[in-house]
Amino acid sequence: MRLPVLSQPKLCASPLRVTDLRYRDAASGLDAQLAQASVDVGVLALFGGRVAIQDLRASDIHVALTSVASPAEPPSAFSLSPPIDLIVERLRIARAAIT
């Protein structure tokens, strides 16, 4: 006897919702605010060594960049390459500003 599968179970509560997030780093002159975000992650992709973001929605993003004094020592090597493969299938941003 076979049971029909009516829907796929989700391994974790999804999507993840975040509100009123703020990040400040005075050393680099970064001040970022996010009013709302919703992230739906494909958990099974983690087993393949990658992060799959199926749907990312964000609104009211404000990023303020300020100048900071130069450090006495040269900065270390920095790369924007993530240490794991990152796949974003759908991205929606409403109201974003960088000043």
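Residues numbered from 1 in each chain as written. Predicted model: local features only at pLDDT ≥ 70, side-chain atom pairs only at ≥ 80, totals over all residues. Heavy atoms only, no water.

K.L.:
Please explain the overall build of the chain as it appears in this structure.
P.N.:
Looking only at helices and strands, the chain has zero helices and five strands in total. By residue count, 15% of the 99 residues in the chain fall in the buried class. Of all intrachain contacts in the chain linking residues separated by at least 6 positions in sequence, the fraction that spans at least 24 positions is 62%. About 8,500 Å² of surface is accessible on the chain, with carbon and sulfur atoms providing 60% of the total. (Helix = DSSP H or I, 4+ residues; strand = E, 2+ residues; numbered from the N terminus. Buried < 20%, exposed > 50% of the residue type's maximum accessible area, 1.4 Å probe, protein only. Contact = heavy atoms within 4.5 Å. Areas by Shrake-Rupley, 256 points an atom, 1.4 Å probe, with all protein chains shown as cover.)

K.L.:
Any chance you could explain the side chain of S59 here in plain terms?
P.N.:
Looking at the element boundaries, S59 is found in strand 3 (residues 50-65). Contacts of S59, omitting those with residues within four sequence positions, involve L34, A35, Q36, A94 and R95.

K.L.:
Explain the pattern of salt bridges to me, please; I cannot follow it from the model alone.
P.N.:
Close approach of charged atoms allows side chains with opposite charge to pair. Using the criterion set out here, one finds five salt bridges in the structure. Here the salt bridges do not stand alone but share partners, grouping R22, R24 and D31 into one network. (Salt bridge = Lys/Arg side-chain N within 4 Å of Asp/Glu carboxyl O.)

K.L.:
Help me understand unusual backbone geometry in this model?
P.N.:
If a residue is not glycine, its phi is most likely negative; likewise, a peptide bond is most likely trans. Located in the positive-phi region is D20, a residue other than glycine, with phi close to 50°. Looking at the secondary structure, you find D20 in strand 1 (residues 16-25). The exposure class assigned to D20 is exposed, which follows from its relative accessible area of 67%. Although it is not a glycine, R95 adopts a positive phi angle of roughly 60°. Relative to the elements of secondary structure, R95 occurs in strand 5 (residues 91-98). A relative accessible area of 57% means that R95 is categorised as exposed.

K.L.:
Which parts of the structure should I look at to understand the confidence of the model for the chain?
P.N.:
Low pLDDT marks stretches whose predicted atomic positions should not be read closely. Per-residue confidence for the chain gives a mean pLDDT of 82, with 85% of residues at or over 70. Looking over the chain, one finds the lowest element-wise mean pLDDT in strand 4 (residues 85-88), namely 89, and the highest in strand 5, namely 96. For the stretch residues 1-11, pLDDT sits under 50, and the model shows three contacts to residues farther than four places along the chain or on other chains. (pLDDT = per-residue confidence, 0-100.)

K.L.:
Would you explain the pairing of strand 5 in this entry?
P.N.:
Sheet faces and side chains relate simply in a regular strand, where the side chains alternate between the two faces. Within strand 5, only zero of the eight residues are buried, leaving the element largely exposed. When strand 3 meets strand 5, the two strands line up parallel, connected through seven bridges. Within the sheet, the bridge partner assigned to S59 lies in strand 5 and is A94. (Pairing = 2+ DSSP bridges.)

K.L.:
Mind showing me how you'd approach a nonpolar patch on the surface here?
P.N.:
On the surface, a cluster of nonpolar side chains totalling about 380 Å² of accessible area is made up of L86, V88, L91 and I93. At the level of elements, strand 4 and strand 5 are the ones that each hand at least two residues to the nonpolar patch. Looking at the element boundaries, V88 is found in strand 4. (Patch = residues over 30% accessible without salt bridge, like charges linked within 9 Å, V, L, I, M, F, W, Y side chains within 5 Å.)

K.L.:
Can you walk me through the nonpolar core in this structure?
P.N.:
Side chains of nonpolar character tend, in soluble globular proteins, to be buried together. Judged by nonpolar contacts, L34, A37, A58, I61 and V63 together constitute the single largest core of five residues. Of all the elements in the fold, those that place two or more residues in this core are strand 2 (30-42) and strand 3. It is strand 3 that provides the largest number of residues to this core, a total of three residues. (Core = buried A, V, L, I, M, F, W, Y, C linked by side-chain atoms within 4.5 Å.)

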